[in-house]
Amino acid sequence: MTHEEALELLELAAAEPEGFERLAAGDRPEAAALAGHLAGCPSCRAEHDALRRLAVVLRTVLSELPADDLRERTLATVAALGRERPASGAPEPATVEPAAAGAAPALPARSSSGRRPGLVRAVGLAAAILLAVGAGFMVGAQTRDGDLRREALVVGTLERLAATSLAVAGAPDARTVALAAPDGRAEGRILFSATTRQLVVIARGLEPPPAGREYRCWVEIGGARTAVGRMVFAASLAYWAGPAEVLASPAAPTGFGISLVEAGTTEPGEPVLEGRP
Amino acid sequence: MADDRSGAPSDDDLVRAVAAGSQDALAILYDRHAESIHRLAVRLTNDRALAEEIVQETFLALWNRAERFDPSSGSLATWLRTIARNRALDRLRAAARRPRPVTASLGPAEGDPVERLIDSTELGDGTDPATGPERAVELDELRRTLRAALRAMPDPERRVILLAYQEGLSQSEIAVRLGWPLGTVKTRTRRALQRLRAALVGLGFGSGPGIASAEAGAVGPADPGAASTSEVGER
């Protein structure tokens, strides 16, 4: 075995899970050949030791670095699920007020789209759904013994959820409503449009329902609540999207929510998340 | 008040801007603190997917509750880390009651995760008392160097090296994931490794005491070398 051949094996082992352990086992011809080479080559032994230490450092440090797209997903999630702030409906301050004159430079000004604030948030919600559910799918895809049926289900729901969200977001009367839980441990957002009669519900922080129970979303009009659908869980999200004929009512919705109810019931039940337009 | 060293807005200024509705200020705060929050979450949960959820929820909490941040009670970093710690505790307790259907674990967890969280001794400012401030500075330098080397690396090489070290995939698995020939994956892996090694050598972490020292101070997984219808929903 040449030095270059030995170095190639060592470098590839450094980037493999348990790569050096497998080389040390010596149960493959190239591993046995490498062991023989290392026994008589001090410089390659030094390379082995250096690469082994390097692998430990890289595995430790790189595993703690956030994924490149986590920033985009986080900001989209905040835009979709975060509370209403003045920037959504009022001019955003272009600069940070400095405590001392001239001390703080201006923050980068947010791009001014001129779009309706509600639409901005609605599109943000659609983006968050795409990113969050898409990320959930990717995690599923990375599971070595992944459940293919589940992945297919997530792909299918992603397509429908994205299509519904974008369709509602594009409606002229699209509106969003924040959902809040009494204990603050969960939060959500409703996207709806009376003209399309479609509803998108997304929530984070909900515990999966215990056996025999399920989360159902509902619409309240004039004090009467109408159950709409059962929430589905994927990754860290619970969501529902589809037509809601109750939105065809001439009266505007007065509230939205999600309740934990006995499975199969159509009663809205006591809300765990609730919000009003 | 601006940061005295760089002239950049201080965290306190940015939090006030967030409370006023600035998503740009939130983005800057993400850039400043997300890596530390992510690192804490990975250490507490040993699960990158769960850690990402905790990062998202921490910044969602910052956006929703920016008015509640009181600089006189501590730094923003400490406040964010407390939020992340609480979110991790919630998630770990919930996970102890049910299996996670989808996960990308870094490796086998050791002991009760809630106990691991409670026993965590990392300080609020991100300094690990086991390593001390000098060691923390060296590790920060190591992280900066690796980040810079990753940014400067051709994208194909960066992809293979992150899949190898962040997700623990073998070269064969990377080839399947990316649809590349195995030989291409191996070539790019070697090039990427050589670039990272060169970057570390240039800053004194080369093959020798530097890397050995970094290894001794590394914190993270207990065994870092281990393998390691028209509607959505239902009526």
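Residues numbered from 1 in each chain as written. Chains lettered and ligands numbered in written order. Predicted model: local features only at pLDDT ≥ 70, side-chain atom pairs only at ≥ 80, totals over all residues. Heavy atoms only, no water.

1. Observations regarding the overall build of chain B
Alright, step 1. Along chain B, the regular secondary structure elements total 10 helices and zero strands.
Alright, step 2. Summing over all exposed atoms, chain B offers an accessible surface of approximately 10,300 Å²; the carbon and sulfur share of this is 52%. (Helix = DSSP H or I, 4+ residues; strand = E, 2+ residues; numbered from the N terminus. Areas by Shrake-Rupley, 256 points an atom, 1.4 Å probe, with all protein chains shown as cover.)

2. A closer look at the overall build of chain A
Alright, step 1. From N to C terminus, chain A includes eight helices and nine strands.
Alright, step 2. Split into buried and exposed, the 277 residues of chain A put 48% on the buried side.
Alright, step 3. Of the contacts made within chain A by residues no fewer than 6 positions apart, 62% connect residues no fewer than 24 positions apart.
Alright, step 4. A total accessible area of about 12,100 Å² is found for chain A, and carbon and sulfur atoms account for 57% of it. (Buried < 20%, exposed > 50% of the residue type's maximum accessible area, 1.4 Å probe, protein only. Contact = heavy atoms within 4.5 Å.)

3. Things to note about the nonpolar core
Alright, step 1. In terms of nonpolar packing, the biggest core is built from 43 residues, with Val15, Val18, Leu26, Leu29, Phe59, Leu62 and Leu76 of chain B touching the most fellow members.
Alright, step 2. For this core, the secondary structure elements donating two or more residues are helix 5 (70–81), helix 8 (148–169), strand 3 (198–204) and strand 7 (237–243) of chain A together with helix 1 (11–19), helix 2 (23–45), helix 3 (48–64) and helix 4 (76–97) of chain B.
Alright, step 3. Apart from the residues lying within four places of it in its own chain, the contact partners of phenylalanine 59 of chain B are Thr74 and Val78 of chain A together with Leu26, Leu29, Tyr30, His33 and Ala34 of chain B.
Alright, step 4. One finds Ala13 and Cys41 of chain A together with Leu146 and Leu196 of chain B within the second-largest nonpolar core, a separate group that totals 42 residues. (Core = buried A, V, L, I, M, F, W, Y, C linked by side-chain atoms within 4.5 Å.)

4. Here's the deal with the packing of aromatic side chains
Alright, step 1. In the structure shown here, the tally under the stated rule is three aromatic pairs over all chains.
Alright, step 2. Where phenylalanine 192 of chain A meets phenylalanine 256 of chain A, the ring centres are 4.8 Å apart and the plane angle is 45°; that geometry is what we call tilted. Of the two residues, phenylalanine 192 of chain A is situated in strand 2 (residues 187–193) and phenylalanine 256 of chain A in strand 8 (residues 255–262); the sequence distance between them amounts to 64 residues.
Alright, step 3. Aromatic side chains phenylalanine 69 of chain B and tryptophan 79 of chain B sit 5.4 Å apart centroid to centroid with 45° between the ring planes, which places their arrangement in the tilted category. Taken together, the positions of phenylalanine 69 of chain B in the loop between helix 3 and helix 4 and tryptophan 79 of chain B in helix 4 put the pair 10 residues apart, joining distant regions of the chain. (Phe/Tyr/Trp six-rings, centres within 6.5 Å; stacked < 30°, edge-to-face > 60°.)

5. Here we look at the environment of proline 181 of chain B
Alright, step 1. In this fold, proline 181 of chain B is placed in the loop between helix 8 (171–178) and helix 9 (182–202).
Alright, step 2. Sequence separation between proline 181 of chain B and glutamine 171 of chain B is 10 residues; the distance between their C-alpha atoms is 10.0 Å.

6. Looking at unusual backbone geometry
All names here are of chain A.
Alright, step 1. Here the phi dihedral of arginine 197 falls at roughly 55°; this positive angle occurs in a residue that is not glycine.
Alright, step 2. Tracing the backbone shows arginine 197 in the loop between strand 2 and strand 3.
Alright, step 3. The exposure class of arginine 197 is partly exposed, given its relative accessible area of 38%.

7. As for the packing of helix 5 of chain A against helix 2 of chain B
Alright, step 1. With their axes 11 Å apart at the nearest point, helix 5 of chain A and helix 2 of chain B run at an angle of 130° to one another. As summarised for this structure, helix 5 of chain A and helix 2 of chain B are arranged oblique, according to the angle between their axes. Crossing handedness for the pair helix 5 of chain A and helix 2 of chain B: right-handed. Here helix 5 of chain A contributes Leu70, Arg71, Thr74, Leu75, Val78 and Ala79 of chain A to the contact with helix 2 of chain B, which in turn contributes Gln23, Leu26, Ala27, Tyr30, Asp31 and His38 of chain B.
Alright, step 2. Split by residue class, the contact of helix 5 of chain A with helix 2 of chain B holds seven nonpolar, three polar and two charged. (Axes fitted to C-alpha atoms, helices over the stretch in contact; angles between N-to-C directions. Parallel < 35°, antiparallel > 145°, perpendicular 65-115°, else oblique. Left-handed = near helix turned anticlockwise from the far one by under 90°. Nonpolar A, V, L, I, M, F, W, Y, C, P; charged D, E, K, R; others polar.)

8. Some remarks on the environment of phenylalanine 233 of chain A
All names here are of chain A.
Alright, step 1. Relative to the helices and strands, phenylalanine 233 resides in strand 6 (residues 232–234).
Alright, step 2. Here phenylalanine 233 falls in the partly exposed class, since its relative accessible area comes to 27%.
Alright, step 3. Linking phenylalanine 233 and glutamate 207, residues 26 residues apart in sequence, is a C-alpha distance of 9.7 Å.
Alright, step 4. Not counting the four nearest positions on each side in its chain, phenylalanine 233 is found in contact with Leu206, Glu207, Pro208, Pro209, Tyr215, Ala238 and Tyr239.

9. Some remarks on the environment of proline 210 of chain A
Alright, step 1. As for its placement among the helices and strands, proline 210 of chain A is situated in the loop between strand 3 and strand 4 (213–221).
Alright, step 2. A C-alpha to C-alpha distance of 10.0 Å links proline 210 of chain A and alanine 263 of chain A, two positions 53 residues apart in sequence.

10. Quick word on the confidence of the model for chain A
Residues and elements named next belong to chain A.
Alright, step 1. The pLDDT averaged across chain A works out to 73; a share of 71% of its residues lies at or above 70.
Alright, step 2. Taken element by element, chain A is modelled with least confidence in helix 6 (residues 86–89), mean pLDDT 50, and with most confidence in strand 9 (residues 271–275), mean pLDDT 91.
Alright, step 3. Note on residues 135–146: pLDDT is under 50 here. Beyond four places in sequence and across chains, it has 22 contacts. (pLDDT = per-residue confidence, 0-100.)

11. Quick notes on the side chain of glutamate 214 of chain A
Residue and element names in this part refer to chain A.
Alright, step 1. With respect to the helices, strands and loops of the structure, glutamate 214 is situated in strand 4.
Alright, step 2. Under the relative-accessibility criterion, glutamate 214 is labelled buried at 9%.
Alright, step 3. Polar side-chain contacts of glutamate 214 include one of 2.7 Å to the side chain of arginine 216. (Polar contact = N/O pair within 3.5 Å; in protein donor to acceptor, adjacent residues only side chain to side chain.)

12. Here's the deal with helix 2 of chain B
All names here are of chain B.
Alright, step 1. Compared with an ideal rise of 1.5 Å per residue, which puts 23 residues at 33 Å, helix 2 spans 28 Å between its outermost C-alpha atoms and falls more than 12% short.
Alright, step 2. Along helix 2, the sharpest change in direction is near 50° and occurs at histidine 33.
Alright, step 3. Here helix 2 lies mainly inside the structure; 18 of its 23 residues are buried.
Alright, step 4. If you check the start of helix 2, you find a side-chain oxygen 3.4 Å away from the backbone N of aspartate 24, and it comes from serine 22.
Alright, step 5. One or two steps after helix 2, the chain reaches asparagine 46, where phi turns positive at roughly 55°. (Expected span 1.5 Å × (residues − 1). Bend = angle between axes of the 7 residues up to and from the residue.)

13. Some thoughts on the pairing of strand 2 of chain A
Residues and elements named next belong to chain A.
Alright, step 1. Taking burial as the measure, the seven residues of strand 2 include seven buried ones, the bulk of the element.
Alright, step 2. The alternating pattern of strand 2 places Glu187, Arg189, Leu191 and Ser193 on one face and Gly188, Ile190 and Phe192 on the opposite face, and all of these are buried.
Alright, step 3. With six bridges connecting them, strand 1 (residues 175–180) and strand 2 associate as antiparallel partners. What sits directly across from arginine 175, in strand 2, is phenylalanine 192.
Alright, step 4. Where strand 1 hands over to strand 2, the hairpin turn is made up of six residues, of which glycine 184 adopts a positive phi near 75°.
Alright, step 5. Two strands pair when backbone bridges link them, and strand 2 and strand 3 are joined in this way by seven bridges, in the antiparallel orientation. In the strand pairing of strand 3, glycine 188 is matched with alanine 203. (Pairing = 2+ DSSP bridges.)

14. Section: the pattern of salt bridges
Alright, step 1. Scanning all chains against the criterion turns up 27 salt bridges over all chains.
Alright, step 2. Two residues, glutamate 220 of chain A and arginine 225 of chain A, come together in a salt bridge whose shortest N-O distance is 3.3 Å.
Alright, step 3. Judged by its relative accessible area of 8%, glutamate 220 of chain A is buried.
Alright, step 4. Within the structure, one salt-bridge network assembled from shared partners comprises Glu4, Glu8 and Glu11 of chain A together with Arg190 of chain B. (Salt bridge = Lys/Arg side-chain N within 4 Å of Asp/Glu carboxyl O.)

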